[in-house]
Amino acid sequence: MTTTVFDDAPRVTDEDGKPAGRGPSFLDIAIAAADRHGVCVRPIVLEQTDTVTGRVAYVPVPCGATRESQCGPCARKAKALRQAQCREGWHLSEEPTKPRARPTFDQEGLIGYRADLLALLGQARQQQHAADIAELEAEIIWADKQLTALGMRGTPPASASEESAGRDSEESSATEKRRRSTRRRQDAPDLPRNPVSDRTIGREFGGHYSSMFVTLTMPSYGKVHSDGSARNPEHYDYQRAAWDAITCARLFSRWIQNLRRVVGWNVQYFAVVEPQKRGAPHIHMALRGAISRAVIRQVNEATYHQVWWPQLGEMRYPGAVVPVWDPRRETFIDPGSKAGLTDWDDALDTIGLTDEPAHKAAFGPRIDIQGIAAGTKAASEAIGYLCKYLTKSVTEVLHARTARQHDHYDRLHAALCRTPCSPRCAIWLLYGIIPKGATAKTVPGICKARAHRRETLALPGNRVLTSEQWTGKTLGDHKADRMEFVRNRLAAVGIEKPATDPRRYTWATIAPGTRTPSRAKLLMTAIAERITWRAEYDRALLAAADPPRPDEDGCSATPTCATPTVQQIFSNDNGVDRTGAPDVC
């Protein structure tokens, strides 16, 4: 007997009993099925070469998108990974360990080879052999690339010539001459300054560890409606709002620095930057360890960030007439008088000791502070709230529904477009100042940084800010932990999933014109593979004596997510977590 199960409402039919409208295509059905089973809906086909057998295959890999509008399964996986990272580091009772891999024999051999190359390069420069210098510099670059491929972190020291070294020393001396006093402003409250110890964990109170959940907001720029738009646009300080949005990340870094100096230990944080309805950024953060509310308020009142850039003043080139590049003088000049514009270093030298900074950023007086104990329902809810909008872009969060909101965001974007975001920003040219590193390719008034985009409104590209010792692991380490947990579960019931050696395969993008399987075929293959993984993992959970128990936020206390029921798998409810444990494989 065949049983048909319907999880959707029946389609509306016309008078002839036929479905009204056009039905979905095969690709649409495949995409919907892939989304339900947690399969990437936008796989990227790469060329995989086996270095042992020489076999070449075209393998689809997940796109890795973090926005649900681009790829729902990949975005939900990234969100689950961030939730696991937040949960693991928030209430640690032991200091996190950060393992350091020992240098390998190949790495040490390459370092010795690079040292010989540097010695030969020095001799070639003394003898002024141009051909040898170019060949040795190219060989040093190759050695650096090989070190990176072997797992070296960071950037090797540059083999700069004596001329560039002299320029660097001149630039450093100029910076020393412009160095400003670190004395606090007279209008800011004083803060105690204690030596910061290496301790990163809190203390136990009443038999459990408590930590803090803090929300910081920017100050008021004017009265707003309930939808975030300005009540009086003429009196709303859009220019200050633009400055604060650009400097928000630096201000938060100073806030954490002051907090550590006041409490005297290395406070760790997991913070998320989100926009408010008015377009201003605000920060939700989880702080490890119990900290007095009075101390947090004291730090918030006394923290500020000063931007020591040239004063903007009135825009010299507000219209179509802008500075032009003079190829003979290799600088920007005024199109009318042909006079050169002010260089960046010269503009900084004009700032006097008694002058005010270009901008002073500070958080507003509104601050929310909560103490949350480990293992409670409040902790799970706070983690869910922290990661609530990680799968949405700023445009989706600030979705304007009225003309008043559209106008408000447009005015804020216009203010961002006339506010420089860095010393290299091309907007400085509109104020008659040549930015650092300006070339003939620099377009006056056009900066491609995220600070000037309408869809971001100056919010940082990395909306999750974590301290280095939050867990002592990278996101890749957390993903590897989740994969290892699944492998151990499967191995307990005799299903072996050995980890592959990443050095065995090389990856490359496919050449244009290469015939690859269609997107629908790739999705169908991935769905079949995912169903097999799901069945294997369900078998492992049923055979386990102590299956993981889900937390309040839908994920287990183990590094993997809880197993959904059959009803959840075949549900169309968007609130159901359809990722499942096999997604980490």
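Residues numbered from 1 in each chain as written. Predicted model: local features only at pLDDT ≥ 70, side-chain atom pairs only at ≥ 80, totals over all residues. Heavy atoms only, no water.

To continue, consider the overall build of the protein chain. Assigned secondary structure in the protein chain consists of 15 helices and 15 strands. Classification of the 585 residues of the protein chain by burial places 39% in the buried group. Relative to all contacts within the protein chain whose residues are 6 or more apart in sequence, the contacts with residues 24 or more apart total 74%. Approximately 33800 Å² of the protein chain is accessible, and the part contributed by carbon and sulfur atoms is 52%. (Helix = DSSP H or I, 4+ residues; strand = E, 2+ residues; numbered from the N terminus. Buried < 20%, exposed > 50% of the residue type's maximum accessible area, 1.4 Å probe, protein only. Contact = heavy atoms within 4.5 Å. Areas by Shrake-Rupley, 256 points an atom, 1.4 Å probe, with all protein chains shown as cover.)

Moving on, we get to helix 4 (residues 130-149). Every α-helix winds through 3.6 residues per turn, so residues three or four apart in the chain are directed the same way. The end-to-end C-alpha distance of helix 4, which contains 20 residues, comes to 29 Å, matching closely the 28 Å that a straight helix rising 1.5 Å per residue would cover. Lining the buried residues of helix 4 we find helix 3 (105-127). Following helix 4 by one or two positions, Gly-151 has its phi on the positive side, about 105 degrees. (Expected span 1.5 Å × (residues − 1).)

The next thing to look at is the sheet that holds strand 15 (residues 505-509). Taken together, the three strands give an open sheet; going across it, the order is 2-1-15, and neighbouring strands pair in antiparallel fashion. Single-partner strands in this sheet number two, and they are strand 2 (56-61) and strand 15. Each neighbouring strand pair of the sheet contributes to a mean axis angle of 35 degrees, computed without reference to strand direction. Looking at chain direction, strand 1 (residues 44-50) and strand 15 are connected through five bridges and run antiparallel. Each bridged residue has a counterpart across the sheet, and for Asp-50 the counterpart in strand 15 is Tyr-505. (Pairing = 2+ DSSP bridges. Axes fitted to C-alpha atoms, helices over the stretch in contact; angles between N-to-C directions.)

This brings us to the packing of aromatic side chains. A full pass over the atoms with the stated rule returns ten aromatic pairs. Measuring from centroid to centroid gives 4.6 Å for Tyr-236 and Tyr-238, while their planes differ by 55 degrees, and the two rings are tilted. Classification of Tyr-236 by relative accessible area gives buried; the value is 7%. Among the residues examined, Tyr-238 registers a relative accessible area of 6% and is labelled buried. With a centroid separation of 6.0 Å and an interplanar angle of 50 degrees, the aromatic rings of Trp-243 and Trp-309 are classed as tilted. On the criterion of sequence distance, the pair formed by Trp-243 in helix 6 (residues 238-246) and Trp-309 in the loop between strand 7 (305-307) and strand 8 (324-326) is long-range, its members being 66 residues apart. This pair shows no difference in class: Trp-243 is buried, exactly as Trp-309 is. By the ring-pair criterion, three or more aromatic residues cluster together here, those being Trp-243, Trp-309, Trp-344 and Trp-428. Cation over ring: Arg-288 sits above Trp-470, and NZ or CZ is 5.3 Å from the ring centre. The ring of Tyr-304 carries the charged tip of Lys-360 above its face, separated from the ring centre by 5.7 Å. (Phe/Tyr/Trp six-rings, centres within 6.5 Å; stacked < 30°, edge-to-face > 60°. Lys NZ or Arg CZ within 6 Å of the ring centre and 35° of its normal.)

Our focus in this paragraph is the pairing of strand 1. Summarising the sheet, strand 1 and strand 2 pair through six bridges and their orientation is antiparallel. From the neighbouring strand, Thr-49 faces strand 2, where its bridge partner is Val-56.

So, about the confidence of the model for the protein chain. For the protein chain, per-residue confidence averages 83 on the pLDDT scale, and residues scoring 70 or more make up 84% of the total. Across residues 160-176, where pLDDT falls below 50, the model places two contacts with residues more than four positions away in sequence or in other chains. Confidence drops under a pLDDT of 50 for residues 550-585, and excluding neighbours within four residues, the segment shows 86 contacts in the predicted structure. (pLDDT = per-residue confidence, 0-100.)

Most of strand 6 (residues 281-287) is tucked away, with seven of its seven residues classed as buried. Linking strand 5 (residues 269-275) back to strand 6 in an antiparallel pair, the connection comprises five residues, with Gly-279 at a positive phi of about 100 degrees.

The subject of this paragraph is the nonpolar core. It is characteristic of soluble globular proteins that their nonpolar side chains tend to be buried jointly. Among the nonpolar cores identified, the biggest contains 70 residues, and Val-214, Phe-252, Trp-255, Met-285 and Leu-287 are the most heavily contacted of them. Here the element with the most residues in this core is helix 7 (residues 248-263); it accounts for seven residues. Trp-255 has contacts with Leu-216, Met-285, Leu-287, Ile-296, Val-299, Asn-300, Thr-303 and Phe-363, leaving out every residue within four places of it along the chain. (Core = buried A, V, L, I, M, F, W, Y, C linked by side-chain atoms within 4.5 Å.)

Structurally, the position occupied by Glu-536 is in helix 14 (residues 519-543). Here Glu-536 falls in the buried class, since its relative accessible area comes to 18%. At 3.3 Å, the side chain of Glu-536 and the side chain of Lys-497 are in polar contact. Setting aside anything within four residues of it in sequence, one finds Glu-536 in contact with Leu-490, Ile-495 and Lys-497. (Polar contact = N/O pair within 3.5 Å; in protein donor to acceptor, adjacent residues only side chain to side chain.)

One can describe the packing of helix 7 onto helix 8 (residues 293-302) by two numbers: an axis separation of 10 Å at closest approach and a directional angle of 135 degrees. When the interaxial angle is binned, helix 7 and helix 8 end up oblique. In terms of crossing hand, the pair formed by helix 7 and helix 8 is right-handed. Between helix 7 and helix 8, the contacting residues are Trp-255, Asn-258, Leu-259, Val-262 and Val-263 on the first element and Val-295, Ile-296, Val-299 and Asn-300 on the second. When grouped by side-chain class, the residues that make up the contact of helix 7 with helix 8 number seven nonpolar, two polar and no charged. (Parallel < 35°, antiparallel > 145°, perpendicular 65-115°, else oblique. Left-handed = near helix turned anticlockwise from the far one by under 90°. Nonpolar A, V, L, I, M, F, W, Y, C, P; charged D, E, K, R; others polar.)

Now for the environment of Arg-329. Within the secondary structure, Arg-329 sits in the loop between strand 8 and strand 9 (331-333). It is 8.9 Å that separates the C-alpha atoms of Arg-329 and Gly-340, two residues lying eleven residues apart in sequence.

Even without glycine at this site, Leu-457 takes up a positive phi of about 50 degrees. Mapped onto the elements of the fold, Leu-457 is located in the loop between strand 13 (433-434) and strand 14 (464-466). Even without being glycine, Ala-458 reaches a positive phi, approximately 70 degrees.

The terminal C-alpha atoms of helix 2 (residues 72-90) lie 27 Å apart, and with 19 residues this matches the ideal 27 Å at 1.5 Å per residue to within 8%. Among the 19 residues that make up helix 2, 15 are buried, leaving the element largely enclosed by the rest of the structure.

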